[in-house]
Amino acid sequence: MPTVIHIFLEKISIMAKLLNVDKALDNILAAITPLPSELVTLDQARGRILAETIISPLHLPPFPNSSMDGYAVRAEDVINATRKTPITLRLALDIPAGSTARYTLAPGETARIMTGAPMPDGADAVIPVEDTNGTWDNAALPETVQIYKEVQPGDYVRPIGENIYAGQSLYEPGVSLRAMDIGLLASLGLRTVSVIRQPRVVILGSGDELMEPGLPLAHGQIYDSNSYMLAALVEESGAEAIRLPVAKDTLADIRAVFQTALQHKPDMMISSAGVSVGAADFTRTILEELGQVNFWRINLRPGKPLAFGQVAGIPFFGLPGNPVSAFVTFDVLVRPALLKMAQRPDDAVYAKATVAEKMTSDGRRSYIRVNTTQTKKGLEARSTGTQSSGALLSIVTADALMIIPEDMTVVEQGTKLRVKLLKINPNTGK
Ligand code: AMP
Ligand code: MG
């Protein structure tokens, strides 16, 4: 007759055979090689990871220019000028923006100049138009202009190299390029930039019960949600997703979908379903035929069964079929692998939260779907209700995953645990 102690000991021995999550991740990361770089045009560079050092090839601005619409002068020519005692200068030329002509101002001369237009040689300041009797219409230019104000050398002039000097080091490899970075690179005259190649990831799956969204559902069928969700997760991780329609549970169909996957020459393959013990499909058979894949039982909830290895030399993940398990295993084990491949920094946000209500766990490391609220005492986390690994809605309504460490079977109210935020909380900014 099994006693409570016996049952407990049996449970412990089952746990002992489960692979630790961190160990699994170490094994995975050891098998992932970072991708090389490629050249892309600036139109394709947003969100990509820079693979080169950027040194400015030029001064910015490349020439001294006016910061006002006005008159370029030699400051020494207009000393003591006032509205009552104006100084009259000979208007030598007009310098619109984009003017490439060069001119040297002689003493007693001025040039009409537009904002951003190049300063004439010899001039060292600009008098704003409102401090002159000058006009700003398209009528013929007068012979002279009266200046009402004196200026200091450098006034209203943006010097050459004021923002960036030629030879200035601006970026190191590893930076994720944002809109303003793209703008800056363009302002340096760069047309292409070297970035880390994006991983190409093929998503596949199988199941006789799975129907393509948009088609009518027969009794016994459900829609394929994993392939769409996994493709979106891949894209959110900065990689390119190629989603294949799910295969039927026949040897021929599953072999065919793997062969199609390989034709895409992917950097990684992710399948869902068919990795649990006794799964009624042929994924295992094909994986044994095409690659070296380990079937792991991981000390993780949700998501115990997981396959990882190589198929035709390409890193392969076989995730559980239950959608929430697929989501969590992707987040915990696949995403870090993709980030390593793409040499991308991890932007995941973690926080500490207090458990609002007592919870129990089964001793596996558990990722519990929770909602967090900011209280006076800090962040508080409450289960979203069902933790069924088939219920996608429970992760849709969650804002964080609370991590219960392995071997913790009772989590008392008030315990502080780590949470991984699923999206930015606009109230807390966390
Ligand atoms: P399996 O590993 O094939 O036994 O699948 C486990 C569970 O996940 C079953 O309830 C399947 O119906 C479900 N499942 C498998 N693949 C998908 C998918 N692509 N989309 C939604 N549910 C799936
Ligand atoms: Mg199945």
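Reading the values: the criteria
- Residues numbered from 1 in each chain as written.
- Chains lettered and ligands numbered in written order.
- Predicted model: local features only at pLDDT ≥ 70, side-chain atom pairs only at ≥ 80, totals over all residues.
- Heavy atoms only, no water.
- Near = heavy atom within 4 Å.
- Polar contact = N/O pair within 3.5 Å; in protein donor to acceptor, adjacent residues only side chain to side chain.
- Areas by Shrake-Rupley, 256 points an atom, 1.4 Å probe, with all protein chains shown as cover.
- Nonpolar A, V, L, I, M, F, W, Y, C, P; charged D, E, K, R; others polar.
- Salt bridge = Lys/Arg side-chain N within 4 Å of Asp/Glu carboxyl O.
- Buried < 20%, exposed > 50% of the residue type's maximum accessible area, 1.4 Å probe, protein only.
- Helix = DSSP H or I, 4+ residues; strand = E, 2+ residues; numbered from the N terminus.
- Core = buried A, V, L, I, M, F, W, Y, C linked by side-chain atoms within 4.5 Å.
- Domains from an automatic or database assignment.
- Pairing = 2+ DSSP bridges.
- Axes fitted to C-alpha atoms, helices over the stretch in contact; angles between N-to-C directions.
- Contact = heavy atoms within 4.5 Å.
- Arc of directions from axis to C-beta.

### A short note on the site of ligand 1
Near ligand 1 lie 14 residues; those nearest to it are E209, D224, S225, G274 and G321. Taking N226, its main chain carries an N or O atom lying 3.2 Å from a nitrogen atom of ligand 1. G321 is positioned such that a nitrogen or oxygen atom in its backbone is 3.1 Å from an oxygen atom of ligand 1. Across the complex, the protein chains shield 77% of the 490 Å² of accessible surface that ligand 1 would expose by itself. Split into classes, the residues belonging to the shell around ligand 1 amount to five nonpolar, six polar and three charged.

### Topic: the pattern of salt bridges
All told, the structure shown has 20 salt bridges when counted by the stated rule. Here D181 makes a salt bridge to R178, at a shortest N to O gap of 3.0 Å. Judged by its relative accessible area of 3%, D181 is buried. D346 is paired through a salt bridge with R335; the nearest N and O atoms lie 3.0 Å apart. Of this pair, D346 sits in the loop between helix 7 (323-342) and strand 21 (350-355) while R335 sits in helix 7, placing them 11 residues apart in sequence. The class of R335 is buried, set by a relative accessible area of 12%.

### Brief notes about the nonpolar core
Formed by 42 residues in total, the largest nonpolar core has its most connected members in V234, M268, I270, F317, F330 and L333. Looking at this core, the elements with two or more residues in it are helix 2 (21-30), strand 12 (200-205), helix 4 (226-236), strand 16 (268-272), strand 19 (305-311), strand 20 (314-319), helix 7 and strand 25 (400-404). The element contributing the most residues to this core is helix 7, with 11 residues. When we break this core down by domain, the ones giving at least three residues each are domain 1 (14-35 + 198-341) and domain 4 (349-421).

### Looking at the sheet that holds strand 17 (residues 291-297)
Sheets are built from strands that pair by backbone hydrogen bonding, the pairs being arranged parallel or antiparallel. Taken in spatial order, the six strands of this open sheet run 15-12-16-20-19-17, and their pairing is mixed. Each edge of the open sheet carries a strand with a single partner, namely strand 15 (240-243) and strand 17. Adjacent strand axes in the sheet meet at a mean angle of 20° when their direction is disregarded. Of the pairings in the sheet, the one linking strand 12 to strand 16 comprises five bridges and is parallel in character. Looking at the pairing, V201 lines up with M268 of strand 16. Contacting strand 12, strand 16, strand 19 and strand 20, helix 5 (residues 251-263) crosses the sheet at an angle of about 170° to strand 12. Relative to strand 17, helix 6 (residues 283-290) is tilted by about 135°, and along the sheet it contacts strand 17, strand 19 and strand 20.

### Side note on helix 2
For the α-helix, the turn length of 3.6 residues means that residues three or four positions removed from each other point alike. Along helix 2, the positions that sit buried rather than exposed are V21, A24, L25 and I28. One side of helix 2 holds all its buried residues, which, seen down the axis, span an arc of 95°. Of the exposed residues in helix 2, the ones pointing more than 90 degrees away from its buried face are D26 and A30. Tucked inside the fold, the buried residues of helix 2 contact strand 17, strand 18 (300-301), strand 19, strand 20, helix 7 and strand 23 (365-375). In this structure N20 caps helix 2, since a side-chain oxygen of it lies 2.8 Å from the backbone nitrogen of D22.

Any link to function would need more than the numbers given here.
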